[in-house]
Amino acid sequence: MTDESERAVQAAIDGELRLLDPEVRASPARVLELLDPEFTEIGASGRRWDVESILTVTSGGSVSPESPVKVSEMSGVVLAPGVVHLTYFADNQGRRAWRSSLWRLTESGWRMYFHQGTLTG
């Protein structure tokens, strides 16, 4: 992986981890800095989310500071210039899911464009 690719993947990982931070999630302004205006998610529940609906969930305390999401096996790859795909395993108080997200570079920085969660046994 080139230095440029490594920097791109690290920027996406940093953004992903910030979005999982309970303090960041509690601030709609901070979440908006990390989500692409065209953001969509297919959640582990099967529900489809957009920016407005995800802001309602994140600002409602969906992740407790006392029980942060545990992340493991995070890795990323550059799919094209300015596009990074991340995958990782997340455990949110026993709700375990494989997660996948696409990040794209915009004029204002790296932003999550798409997210998918799949529950595991």
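Preceding this section is the structure that the text describes.
Residues numbered from 1 in each chain as written. Predicted model: local features only at pLDDT ≥ 70, side-chain atom pairs only at ≥ 80, totals over all residues. Heavy atoms only, no water.

## A short note on the packing of aromatic side chains
Next up, step 1: Scanning all chains against the criterion turns up one aromatic pair.
Next up, step 2: Aromatic side chains phenylalanine 89 and tryptophan 98 sit 5.1 Å apart centroid to centroid with 65 degrees between the ring planes, which places their arrangement in the edge-to-face category.
Next up, step 3: Here the guanidinium or amino end of arginine 47 rests over the ring plane of tryptophan 49, the centre of that ring lying 3.9 Å away. (Phe/Tyr/Trp six-rings, centres within 6.5 Å; stacked < 30°, edge-to-face > 60°. Lys NZ or Arg CZ within 6 Å of the ring centre and 35° of its normal.)

## With respect to the environment of proline 28
Next up, step 1: Looking at where proline 28 falls in the secondary structure, it is placed in helix α3 (residues 28-34).
Next up, step 2: Exposure remark for proline 28: the relative accessible area of 35% places this residue in the partly exposed category.
Next up, step 3: Sequence-wise, proline 28 and valine 71 are 43 residues apart; in three dimensions their C-alpha atoms are separated by 22 Å.
Next up, step 4: Apart from residues no more than four positions distant in its own chain, proline 28 is found in contact with Leu55 and Ser59. (Helix = DSSP H or I, 4+ residues; strand = E, 2+ residues; numbered from the N terminus. Buried < 20%, exposed > 50% of the residue type's maximum accessible area, 1.4 Å probe, protein only. Contact = heavy atoms within 4.5 Å.)

## With respect to the pattern of salt bridges
Next up, step 1: Applying the stated criterion across every chain yields a total of three salt bridges.
Next up, step 2: With a shortest N-O distance of 3.7 Å, arginine 30 and glutamate 23 are connected by a salt bridge.
Next up, step 3: Across the pair arginine 104 and glutamate 38 runs a salt bridge whose closest N-O atoms are separated by 3.6 Å. Note that arginine 104 is positioned in strand β5 (residues 95-106) and glutamate 38 in strand β1 (residues 35-42), a separation of 66 residues in sequence.
Next up, step 4: Arginine 104 gets classed as partly exposed once you look at its relative accessible area, which sits at 26%. (Salt bridge = Lys/Arg side-chain N within 4 Å of Asp/Glu carboxyl O.)

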